[in-house]
Amino acid sequence: MRSPLLNKLSLIFGPRPPLNWILLCLVSVFVLIALLGSSSSSTFDSVTSSAKPDIYTNYRKLKEQARNDYLELKSISLGANRIKDVGLCGKERENYVPCYNVSANLLTGLKDGEEFDRHCELPREHQDCLVRPPKDYKIPLTWPAGRDVIWSGNVKLTKDQFLSSGSMTKRLMLLEENQIAFHSEDGMIVDGVKDYSHLIAEMIGLGSDTELLQAGVSTVLDIGCGFGSFGAHLLSLKLMALCVAAYEPSGSQVQLVLERGLPAVIGNFISKQLPFPSLSYDMVHCAQCGIIWDSKDGLFLIEIDRLLKPGGYFVLTSPTTRQQDSSTGAKKGSTSSPLEEFTKKLCWSLLAQQEETFIWQKTVDSQCYTSRQGDIPVCKGNDMQLYYQPLARCISGTTSHRWVPLHSKSDPLNSTELEIHGLHPDDFFEDSDFWKLALRNYWSLLSPLIFSDHPKRPGDDDPLPPYNMVRNVMDMNAHYGGLSAALMEASKAVWVMNVVPLGARNTLPLILDRGFAGILHNWCEPFPTYPRTYDLLHANELLSHIVSQKCSMFQLLLEMDRILRPEGWIILSDTLGPIEKARTLAAQIRWEARVIDLQNGSDQRLLVCQKPFVRK
């Protein structure tokens, strides 16, 4: 005689129910019992680990294991419908950057340089695959050695492109068999980067470039930064220098600068504003960056004015400028060039000129713009959520509460400056304390994995310890920049790209005023960088944000894999639901993933993943 239960199963599954469904039912019953038990023992769960450490920990582990077993059996029960692991992209996508497709943009009619701009709004080829590293790719050297020596196989820079670069570049670089070596600061010749930086400081009126920070210059936007040597020197002076350069199908400045462990992001001065708010930078620098600044009726200079803080500096080094403004030296004021005339309309003053270098200073008087009727109008409205908007022919920031002269700002921000950002000092300091503790936990968690002797791979020479893989860090949902501040206070040898997601509270002005690197970005779209450019990706509550924006978590994780270096790390913090979904997707993307219970009684979890080094 068959039992009534088997008869019912026969009606549902047929005469012989599948084994995986029987297992699923049994585990489901076990999970149900565990969950019912948790509701009756909520008082027990609230007991601190110091009172009942063994029972408390084992109980939570039991529930976690039951839940994991259930999810794994559920995926097995899907059988043929289970999503397969994501495949590898072809060799042609080794340096693939979505939203930048020059040939496709030309076909749509884009021209006059706009074909090199970012166009995520255009239809593009959609292919779910993992961008693989080049055949000769090697893990970058530890910092700071990796700043001065990089593997030539890691970047798309040919010998011909190196030979066609300027004489300054040749003096700063040495191309060897499989490495590109950059001269150290001590080896600079007379007209090297160190002397160039000292020259800029003297032209501003300082005794040395070591006084730039005390003079209020803490953030620099370096346009068309070449191979990043100037930015590397500024970082040694504790200034945050962010390189912004146009997308290049080959020989990219941004790719090489990030490979050196220096801050960089793809950005163009062509048709759209950069994704930064007004009054963002203390200095904007351009040394032979290839931009004709007085073209398009001065739109590019107006964008520079938008980005500069009151009293900020625009440093321009260009042979073309010397030819145009040759009259501004000893015969200053006789015959002005179009560039000089336009800077006067922007209320800039020419501080100094020496050979090919010119330095202008933005006014600290916001009324200067309104007093010059008929020149350039003042913008209406608020540009807090600017995200790749068209270049505007109007002056921004004059009515902002952030209109604070360069020499008047404090470091760190005082209570008055925090209130300008709509932030109570107590909330700010509470957030800072939280991230100091979180960083200690992260470091304790990852130190045995990242900062011990690097594991030897077959065919590799034994690396010298310690082999620190982490230099380029991205905080994908930066909030107030607390993680970046905690890393700086702990003297970690990293820099952080603080990303403020579109649709969240725009805290980017606060982050930039703190002297950190940051950018506004829509995580429903790809990030403007090359593959394999970050060592560690961190995101707190970003998964929940993506779900609320009705965007694909799967596409987000694929994009994270694209910009993460082989053997790089991911730390995701969120509630249990999004974390478990991300864990399932991480397995399909071939990440080694582990869910960590914070054991504080909350629904918050950590998902720690590592991207493997796939050689194929």
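All of these numbers come straight from a predicted model, not from anything done at the bench.

Any pair of aromatic rings gets described here by the distance separating the centres and the angle formed by the planes. Enumeration over the complete set of coordinates arrives at 16 aromatic pairs. Arranged with centres 5.7 Å apart and planes meeting at 55°, the rings of Phe 314 and Trp 348 form a pair that is tilted. Taken together, the positions of Phe 314 in strand E8 (residues 308-317) and Trp 348 in strand E9 (residues 348-354) put the pair 34 residues apart, joining distant regions of the chain. One exposure class covers both Phe 314 and Trp 348, and it is buried. When the ring of Tyr 369 is compared with that of Trp 403, the centres are 6.3 Å apart and the planes differ by 85°; the resulting orientation is edge-to-face. Pair noted here: Tyr 369 is in helix H15 (residues 367-371) and Trp 403 is in the loop between H15 and helix H16 (415-420), with a separation of 34 residues, a long-range link. By the burial criterion, Tyr 369 is buried, and Trp 403 matches it.

Let us look at the pattern of salt bridges. If the charged atoms of two oppositely charged side chains come close together, the side chains can form a pair. Under the defined criterion, the tally for this structure stands at 18 salt bridges. Between Lys 91 and Glu 94 there is a salt bridge, with its nearest N and O atoms 3.5 Å apart. With its nearest N and O atoms 3.6 Å apart, the salt bridge here joins Lys 309 to Asp 282. In this pair, Lys 309 sits in strand E8 while Asp 282 sits in strand E7 (residues 281-287), placing the two residues 27 residues apart along the sequence. When sorted by exposure, Lys 309 lands in the same class as Asp 282, which is buried.

Let's shift gears to the packing of helix H21 (residues 553-563) against helix H22 (residues 576-588). One way to put it is that H21 packs onto H22 with a least axis distance of 10 Å and a crossing angle of 55°. Judged by the angle between their axes, H21 and H22 are oblique. Helix-helix and strand crossings are classified by hand; for H21 and H22 the assignment is right-handed. For the pair H21 and H22, the contacting residues are Met 553, Phe 554 and Leu 557 in the first and Pro 578, Lys 581, Ala 582, Leu 585, Ala 586 and Gln 588 in the second. Tallied by class, the residues present in the contact of H21 with H22 amount to seven nonpolar, one polar and one charged.

Moving on: the state of the cysteines. Counted under the stated rule, the structure contains seven disulfides. Each sulfur in the disulfide pair Cys 225 and Cys 243 lies 1.8 Å from the other. Every disulfide takes its handedness from the sign of the S-S torsion; for Cys 225 and Cys 243 that torsion is -55°, giving left-handed. With a gap of 18 residues between them, Cys 225 in the loop between strand E4 (219-223) and helix H10 (229-236) and Cys 243 in strand E5 (residues 240-245) connect regions that are remote in the sequence. By relative accessible area, which is 11% here, Cys 225 ends up buried. Taking the relative accessible area as the measure of exposure, Cys 243 reaches 3% and is therefore buried. Disulfide pairing is shown between Cys 347 and Cys 368; the S-S distance is 2.1 Å. Its S-S torsion of approximately -95° makes the covalent link between Cys 347 and Cys 368 left-handed. Separated by 21 residues along the polypeptide, Cys 347 in the loop between helix H14 (338-345) and E9 and Cys 368 in helix H15 bring together distant segments of the chain. For the pair Cys 347 and Cys 368, one class covers both residues: buried.

Calculation criteria
Residues numbered from 1 in each chain as written. Predicted model: local features only at pLDDT ≥ 70, side-chain atom pairs only at ≥ 80, totals over all residues. Heavy atoms only, no water. Phe/Tyr/Trp six-rings, centres within 6.5 Å; stacked < 30°, edge-to-face > 60°. Helix = DSSP H or I, 4+ residues; strand = E, 2+ residues; numbered from the N terminus. Buried < 20%, exposed > 50% of the residue type's maximum accessible area, 1.4 Å probe, protein only. Salt bridge = Lys/Arg side-chain N within 4 Å of Asp/Glu carboxyl O. Axes fitted to C-alpha atoms, helices over the stretch in contact; angles between N-to-C directions. Parallel < 35°, antiparallel > 145°, perpendicular 65-115°, else oblique. Left-handed = near helix turned anticlockwise from the far one by under 90°. Contact = heavy atoms within 4.5 Å. Nonpolar A, V, L, I, M, F, W, Y, C, P; charged D, E, K, R; others polar. Disulfide = S-S within 2.5 Å.

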